Amino acid sequence: MSLFCEKLCSVLLLEHFGPIVQSVGDDLFKHGAKSLGFIRATTGLPLPKVKEALCVLLQYGFAIHRQTEKGIQYHFLPDKVITILRYPRYMFFAKKFCGDEAEMMLEEVLKRGYETASQIIIKTFHRLEQHRSEHQSSLSMLKDKFELLVKNQFLTRSICTETMDEGPAEKIECNVPDLNMQAMAQIMQGNTDDPGDNKIYWRVNLDRFEQDLRDQIMVSAITKRVDENAGELMRQLLFLMYLRTASWADTSNPIPYSEIKEAVRKINYPLLVQYLDQYLRLLEEDSSQFLKRVGDSGGGQFSINTKEAFSQLAWTTVENIVMERFGSKAARIFRLVRSRKYVEQEQIQQLAMIPAKEAKHLTYTLLQENYLQMQELKKAGASAAPTKTFFLFYIDLNQVVRMEIEHCYHALYNTIQRREQESASNKRMIDKQLRIQTLTSNLKEHGATEEQLAEIVEMMTPSEKLQLEKVQNTIKKLGGSELQIDETLFLLTMYLHYH
Amino acid sequence: MEIDPGPSEEHNVNASTEDSPEIIEQKIIALAHTKTKGISDKDILSEMPDVQPVQRALVINKLLSQGLLDLYKQDKILLYRLKDPNKVKTAKGADNEEKIVYTIIEEAGNKGIWIRDIRFKSNLMPTQLNKILKSLETKKFIKAVKSVAASKKKVYMLYNLEPDRSVTGGAWYQDQDFEAEFVDVLNQQCYRFLEQKRKETKDCRGGPIAARNITFATSREVWKFISDLGISKVKLSVDDLEMILNTLIYDGKVEKTLSNDGTYLYRAVEPLLEPPGLIKAPCGVCPVRKNCSDFGDVSPINCQYITEWLA
């Protein structure tokens, strides 16, 4: 694991959980798995603090504990910490599939790490009451939403138990327990009652969201390449893939044509139904190779090649990065080397039709930045003189991807740092605005007059307002940038996952 | 290359000289014409039995010195062969060294040969060789051509030859300079043509496959389009244009497929992805990222690039 991955995890933990969790996380990252005592020794924190921090890490799934002969050891999971960046996208997904209430529920679970169904529902109910009193939502409606989330596998049972059972539970029951609605209503009123799901905790199924993001990338790539209909076909194919294949398999098991036809008929895409054969052939013949025809029985058997798809996507991403960083001529050279596998300098300038001097400059720049690699080829028995040696350029995609992932970590770290800096340097003003807001809403409740309210609003000078707006825009822009960088990071991580 | 008449022959010059040397000369040349593989002494003897060996030797020596005949040795028999008339012409008035250099250059054909290689092959001194080359050049037997592969490198070839593409670089070179702008313009125009075809599919009603097939264009079609545009002063061949189309493939804008009849079809394609989010951020394209750290002049806190981007 890399320096910037460590820094990024550290800064994320600091932002969301504070300095103590950060220092424990750092410690685990640096030294690998460790027991409680050692963590205390190296961090120099008091034992209760370390315990608390570990609890937080375990609760959110950022660390796991393992029983070894040296006692219980804690492992840090940096990949999981980085998923914090994707929480907004997860919530957006839940909103898209299950509606606003579901989004709120998911947010509650994400905030808590894991939670019982009754608590989630109650908390969401409270929040809904606060925000939109005009919209009536009932407990039973929320319960339905919760069940929908579970059915869509956005939530899953948390196997985190108080006892130290080793190994994952063989079969996790995913049925929503019967909730005692009356008891829940009682709790709402402030009484204590048993809603009937004590110790049945739920957490967010990150795996499922990763799959969704992955599928989203594939669908949008096909949409961009061909058209909307083909994109929708890809989505249907992915649904069919889940029915018969482990979700992270390299290629799906064959999907028969009849089933595809059935699935397509159910959705409202008349053109797709009409030209289904042709669209399948298009996807199959496209150079992106997302879909492969594996047999002819039953009108054709098709298999989705996720592994190949992500290699294509990673290539495209890297090519794009090269283009933006070094210009389109450099991207031309990069693609040329890609298609020729191993190629000499002479050939590069001839085939790319770039003036010799420029071609050399670009090739060696790419070499220097590690986008290209060089292979020396000596004739057997020939002298070691450089003129007798062939210098062949090639690309090691795996290495380039790893380098770019590092680049993403760095960019994310920098963006977060800058965002923190921006908000810290304008802290006074942001706080002031917050105070004014609370004051206004308080006074409103007490029935203050318009004049009084106006007076309070005027506590912010115009220049301050202007400045504040600027800072808020800055922070928003940086936050958006974080999400975008994370998209790239996710795609490249997916590539590594498959290769 | 004097031919010794041989000890066995008698020196009898005066006897039976009915034919003058000129006539014998004509006869031998005529004989050599009939046998392209070469004639031996025996052949001459059987054809012209009345010619005295001494006289024969004289005539042949004359012909050899004039460069009309070549002397070969095959299976220990001497053979005379008629020289190519062209070669005869050039060899006129040239000395032996010039002839050697000339043959070396001739062998190189229209690819030409570098002066250093001539020196190695001929074993001549550089100063002497320079002199010879200059004299051959002034006589317009050879010419010097600048190669595009290395601008300082001159290659020599026969005067009447058209230099090879590898030397001149074909249509893309003007006076040994690569015409980058010309290539760029062609590259853009080819793409425009293919892109135009792709746009036409928007209102195609024959289904997706038909729509895709419309976007395909053969290199000949593109070639015709470019020729009709008249942007090129030089006459371009279809092969030249395929080179341009290949650069478009390397630009990721065009795809190539093999059609049923073995020709290549080209079509414009959309990339799979939007530009990745990484490069939309200032850190994605940062030129000083390697120096970037929490402290020092380059740090995210006081980064000029981020400040400009935020502004």
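Quick caveat: nothing in here was measured; it's all calculated off a predicted structure. (Residues numbered from 1 in each chain as written. Chains lettered and ligands numbered in written order. Predicted model: local features only at pLDDT ≥ 70, side-chain atom pairs only at ≥ 80, totals over all residues. Heavy atoms only, no water.)

1. Considerations on the overall build of chain B
If you tally the helices and strands in chain B, you get 14 helices and 11 strands. The burial tally for chain B puts 41% of its 311 residues in the buried class. Across chain B, every contact between residues at least 6 apart in sequence was considered, and the portion connecting residues at least 24 apart equals 51%. Roughly 18700 Å² of accessible area belongs to chain B as shown, and the carbon and sulfur atoms make up 51% of that amount. (Helix = DSSP H or I, 4+ residues; strand = E, 2+ residues; numbered from the N terminus. Buried < 20%, exposed > 50% of the residue type's maximum accessible area, 1.4 Å probe, protein only. Contact = heavy atoms within 4.5 Å. Areas by Shrake-Rupley, 256 points an atom, 1.4 Å probe, with all protein chains shown as cover.)

2. What to know about the overall build of chain A
For chain A, the count of helices and strands is 23 helices and 11 strands. Sequence-distant contacts in chain A: of pairs separated by 6 or more residues, those separated by 24 or more amount to 64%. When the accessible surface of chain A is summed, it comes to about 25100 Å², and 51% of that surface belongs to carbon and sulfur atoms.

3. Concerning the packing of aromatic side chains
All told, the structure shown has 20 aromatic pairs over all chains when counted by the stated rule. Look at phenylalanine 310 of chain A and tyrosine 498 of chain A: their rings are 5.9 Å apart centre to centre, the planes differ by 20 degrees, and that puts the pair in the stacked class. Of this pair, phenylalanine 310 of chain A sits in helix α16 (residues 306–326) while tyrosine 498 of chain A sits in helix α23 (residues 462–498), placing them 188 residues apart in sequence. For the pair formed by phenylalanine 310 of chain A and tyrosine 498 of chain A, the shared burial category is buried. Across the ring face of tryptophan 248 of chain A, the terminal group of arginine 214 of chain A is positioned such that the distance to the ring centre comes to 4.9 Å. Across from the ring centre of tyrosine 264 of chain B, 4.2 Å away, lies the NZ or CZ of lysine 256 of chain B, which sits over that ring. (Phe/Tyr/Trp six-rings, centres within 6.5 Å; stacked < 30°, edge-to-face > 60°. Lys NZ or Arg CZ within 6 Å of the ring centre and 35° of its normal.)

4. Description of the nonpolar core
Core analysis: the biggest nonpolar cluster contains 141 residues, and Leu57, Leu233, Ile260 and Leu313 of chain A have the highest contact counts within it. Those residues in contact with leucine 57 of chain A that sit more than four places away from it in its chain are Leu13, Val21, Val24, Gly25, Leu28, Phe62, Ala63 and Phe76 of chain A. (Core = buried A, V, L, I, M, F, W, Y, C linked by side-chain atoms within 4.5 Å.)

5. What about the layout of surface pockets?
In this structure, the second largest pocket occupies an estimated 1300 Å³ of space. Taken together, 46 residues form the lining of the second largest pocket, with Glu319, Arg335 and Arg338 of chain A together with Ile249 and Gly252 of chain B sitting closest to its centre. Listing elements by their share of the lining of the second largest pocket, those giving two or more residues are α16 and α17 (328–340) of chain A together with α9 (180–200), α12 (238–250) and β10 (254–258) of chain B. A per-element tally of the lining of the second largest pocket places α17 of chain A first, with nine residues. Tallied by class, the residues present in the lining of the second largest pocket amount to 18 nonpolar, 12 polar and 16 charged. (1 Å grid on protein atoms, 1.4 Å probe; cavity = no way out; pocket = protein on both sides within 12 Å on 5 of 7 lines; lining within 4 Å. Points joined across faces, edges and corners; volume = space filled by probe spheres on them. Nonpolar A, V, L, I, M, F, W, Y, C, P; charged D, E, K, R; others polar.)

6. A few points about the UniProt feature "domain: RNA polymerase III subunit RPC82-related helix-turn-helix" (unreviewed entry) in chain A
Sites flagged by UniProt as "domain: RNA polymerase III subunit RPC82-related helix-turn-helix" (unreviewed entry) map to residues 7–63 of chain A. For residues 7–63 of chain A, helix accounts for 79% and strand for 2%, while the C-alpha atoms at its two ends are 17 Å apart. (UniProt positions renumbered as here; feature names shortened; annotations may be inferred.)

7. Looking at the interface of chain B and chain A
Accessible area lost during the coming together of the parts is what is often quoted as the interface size. Taken together, the contacts link 51 residues of chain B with 58 residues of chain A. The tally of links between chain B and chain A comes to eight salt bridges. Between lysine 7 of chain A and aspartate 294 of chain B there is a salt bridge whose closest N-O contact spans 3.3 Å. Take the side of chain B that touches chain A: its biggest share by element is five residues, from α12 of chain B. Across the side of chain B that touches chain A, the residue classes tally to 30 nonpolar, nine polar and 12 charged. (Salt bridge = Lys/Arg side-chain N within 4 Å of Asp/Glu carboxyl O.)

8. What about the packing of helix α6 (residues 87–98) of chain A against helix α7 (residues 100–112) of chain A?
Residue and element names in this part refer to chain A. Between α6 and α7, the shortest axis-to-axis distance is 7 Å and the interhelical angle comes to 150 degrees. Classified by the angle between their axes, α6 and α7 sit roughly antiparallel to one another. By crossing handedness, the relation of α6 to α7 is classed as right-handed. Across the interface between the two elements, Tyr87, Tyr90, Met91, Ala94, Lys95 and Cys98 from α6 touch Asp100, Ala102, Glu103, Leu106, Glu107 and Leu110 from α7. For the contact of α6 with α7, the class distribution of residues is eight nonpolar, no polar and four charged. (Axes fitted to C-alpha atoms, helices over the stretch in contact; angles between N-to-C directions. Parallel < 35°, antiparallel > 145°, perpendicular 65-115°, else oblique. Left-handed = near helix turned anticlockwise from the far one by under 90°.)

9. A word on a negative patch on the surface
On the surface, a cluster of negative charge is contributed by Glu450, Glu451, Glu455 and Glu458 of chain A. The residue glutamate 458 of chain A is located in the loop between α22 (450–457) and α23 in this model. (Patch = residues over 30% accessible without salt bridge, like charges linked within 9 Å, V, L, I, M, F, W, Y side chains within 5 Å. Lys, Arg positive; Asp, Glu negative; His and termini not counted. Charge placed at Lys NZ, Arg CZ, Asp CG, Glu CD.)

10. What about empty space enclosed by the protein?
Within this structure, the stated rule accounts for three cavities of 30 Å³ or more. Estimated volume of the largest cavity: approximately 70 Å³. Together, Asn414 of chain A together with Pro282, Cys283, Cys286, Cys292, Val298, Ser299, Pro300, Cys303, Tyr305 and Ile306 of chain B line the largest cavity.

11. Structural notes on the sheet that holds strand β8 (residues 301–304) of chain A
With antiparallel pairing, three strands are arranged side by side in an open sheet as β6-β8-β7 (chain A). What marks the edges here is a single partner per strand, and that holds for β6 (255–256) and β7 (291–295) of chain A. (Pairing = 2+ DSSP bridges.)

12. Points about the environment of proline 78 of chain A
Mapping proline 78 of chain A onto the fold places it in helix α5 (residues 78–82). Separated by 16 residues in the primary sequence, proline 78 of chain A and phenylalanine 62 of chain A place their C-alpha atoms 7.0 Å from one another.

13. Overview of the pairing of strand β5 (residues 201–204) of chain A
All names here are of chain A. By the alternation rule, side chains of β5 split into Trp202 and Val204, which are all buried, and Tyr201 and Arg203, of which none is buried. Pairing geometry for strand β3 (residues 114–116) and β5, over three bridges, is antiparallel. The residue of β5 that forms the bridge with threonine 116 is tyrosine 201. Bridge analysis of strand β4 (residues 155–157) against β5 gives three bridges, and the strand direction is antiparallel. Its bridge partner lying in β5, leucine 155 is registered against valine 204.

14. Regarding the pattern of salt bridges
Pairs may arise between side chains of opposite charge once their charged atoms sit close together. Residues and elements named next belong to chain A. What the rule picks out here adds up to 38 salt bridges over all chains. The shortest N-O distance in the salt bridge between glutamate 464 and lysine 432 comes to 3.0 Å. Of this pair, glutamate 464 sits in helix α23 while lysine 432 sits in helix α21 (residues 427–445), and the two are 32 residues apart along the sequence. Taken as a pair, glutamate 464 and lysine 432 share a single burial class, namely buried.

15. Brief notes about helix α2 (residues 19–31) of chain A
Residues and elements named next belong to chain A. Compared with the 18 Å implied by 1.5 Å per residue over 13 residues, the 18 Å span of α2 between its first and last C-alpha is a close match. Buried residues along α2 sit against α1 (3–17), α3 (36–43), α4 (47–59), β2 (71–76) and α5. Once α2 ends, the next one or two residues include glycine 32, with phi positive near 75 degrees. (Expected span 1.5 Å × (residues − 1).)

16. Section: helix α5 (residues 96–108) of chain B
Every α-helix winds through 3.6 residues per turn, so residues three or four apart in the chain are directed the same way. Residue and element names in this part refer to chain B. The first and last C-alpha atoms of α5 sit 19 Å apart over 13 residues, in line with the 18 Å expected at 1.5 Å per residue. Taken as a whole, α5 has its buried residues at Glu98, Val101, Tyr102, Ile104 and Ile105. When α5 is viewed along its axis, its buried side chains cluster within an angular range of 160 degrees and face the same direction. When the buried face of α5 is taken as reference, the exposed residues oriented beyond 90 degrees from it are Asn96 and Glu107. Positive phi shows up at glycine 109, right after α5, with a value of about 65 degrees. (Arc of directions from axis to C-beta.)

17. So, the domain arrangement of chain A
Residue and element names in this part refer to chain A. For chain A, the assigned domains are domain 1 (3–76), domain 2 (83–204), domain 3 (209–304), domain 4 (309–379 + 389–395) and domain 5 (401–498). Relative to domain 5, the C-alpha centre of domain 1 lies at a distance of 28 Å. On the side of domain 5, nine residues touch domain 1, which itself brings eight residues to the contact. On the domain 1 side of the interface with domain 5, the three residues burying the most area are Phe4, Leu8 and Glu15, jointly 60% of the side's total. Across the domain 1-domain 5 interface, the total number found is one salt bridge. The closest approach of N and O atoms between arginine 419 and glutamate 15, which form a salt bridge, is 3.2 Å. (Domains from an automatic or database assignment. Buried area = accessible area lost by both parts, 1.4 Å probe.)

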